[in-house]
Amino acid sequence: MARMAGRRTLFAAPVLLVVTFGVFAVAAASPFDPVKAYAGTAGLTASQENLDQLRANLGVDQPLVERWWHWLTSAVTGDLGDSSVMRQPVADVITERLGWSVLLAVTAFLVAILLGTSLGVLAARRQGGWLDRAVSSAAYTLEAAPAFWLGLLVMWFFALRLGVLPAGGLTDTASDVVTFGQVATHLVLPAAVLGVSQLPWFFLYVRQGVADALDEDPVRGARARGLNERTVLLGHALRSGMLPTLTLVGSRVPELITGALLVETVFSWPGIAAATVQAATSVDFPLLAALTVLATAAVLAGNLLSDLLYGLADPRVGFDG
């Protein structure tokens, strides 16, 4: 396990280098001018000399490779630079917002895994039944439904029409204090939307895996030995059928990150979505590079986690092979 994790870590280093350089290259070719974005309306009346000085202060007058290398060597020492659009250090921008994004993503992922697994097992137990047909139809429909559309729909129904849940934000409008109860209440809708958007894949994988496992000889043998249906289903079929599903943990991370950005925007959740959008539109090189590295590292970590879970679940898989 340690050897495989070490190999993946060594592989991640050049990937992150290429990704960061790609971010700077794409940003440099962007039609957006970071100086005008930073200056705002004051840039409309500023002289060319002042704009040139501001360009030098922001470091965007340097060549692409030099700008990238300066950011990279500083990032290695822990200095991620200053965000021109947020007017604060990049490390502070990420620290203030990352925790809320992680809370949303983890909660939604748990909802997708637990609910998708439960429904998949129930559907596989009685294939062709009313539950199987209903949930499968809903899953195929949800696959094609954008996360932001689901967010607007549930916001209209639960917040505006029924008034039982808040429409967005982290706390109540009149509150100046962040409490656990308010955060939990405001988390329900965005976490549910993001979780439901990821649920179809877990449901379909579990359903197919468990259904195939129920037809295998070991499961038939367990039934022949007189084991009750609950033990056969959960102790034998589910374990065998869950193996292909473990690969989804890593493969769904990119979709989870993209969906989280959309859901955060819809529900005004104070995560990194707003910072990402502003960094992209304002060509904020340091912030954009840091957020991209963070997302890439999350994808690589998700793939590693999938392999580790698969190896732990199936002893036939060698970690160091």
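Before reading further, recall that the structure is shown in the block above.
Residues numbered from 1 in each chain as written. Predicted model: local features only at pLDDT ≥ 70, side-chain atom pairs only at ≥ 80, totals over all residues. Heavy atoms only, no water.

Chemist: Help me understand the pattern of salt bridges in this model?
Modeler: Evaluated as defined, the whole model comprises two salt bridges. Here Arg-97 and Glu-96 are joined by a salt bridge, their closest N and O atoms 3.4 Å apart. For Arg-97, a relative accessible area of 18% corresponds to the buried category. (Salt bridge = Lys/Arg side-chain N within 4 Å of Asp/Glu carboxyl O. Buried < 20%, exposed > 50% of the residue type's maximum accessible area, 1.4 Å probe, protein only.)

Chemist: What am I meant to see in the nonpolar core here?
Modeler: Leu-104, Val-193, Leu-194, Val-263, Phe-267 and Trp-269 are the most contacted members of the largest nonpolar core, which totals 27 residues. Counting only elements with at least two residues in this core, the list comes to α5 (90-125), α7 (147-161), α8 (180-214), α10 (229-251) and α11 (253-267). When residues in this core are grouped by element, the largest group, seven residues, is from α8. Core analysis: the second largest hydrophobic core is formed by 20 residues, Ile-94, Val-283, Phe-285 and Ala-290 among them. (Core = buried A, V, L, I, M, F, W, Y, C linked by side-chain atoms within 4.5 Å. Helix = DSSP H or I, 4+ residues; strand = E, 2+ residues; numbered from the N terminus.)

Chemist: I'm lost on the layout of surface pockets in this one. Help?
Modeler: The rolling of a water-molecule-sized probe over the atoms marks out the regions of remaining empty space. Considering only enclosed or pocket space, the largest pocket measures out at about 580 Å³ in volume. Listed by contribution, the elements that provide at least two residues to the lining of the largest pocket are α5, α11 and α13 (285-313). The greatest single-element share of the lining of the largest pocket, amounting to nine residues, is contributed by α13. Split into classes, the residues belonging to the lining of the largest pocket amount to 19 nonpolar, four polar and one charged. (1 Å grid on protein atoms, 1.4 Å probe; cavity = no way out; pocket = protein on both sides within 12 Å on 5 of 7 lines; lining within 4 Å. Points joined across faces, edges and corners; volume = space filled by probe spheres on them. Nonpolar A, V, L, I, M, F, W, Y, C, P; charged D, E, K, R; others polar.)

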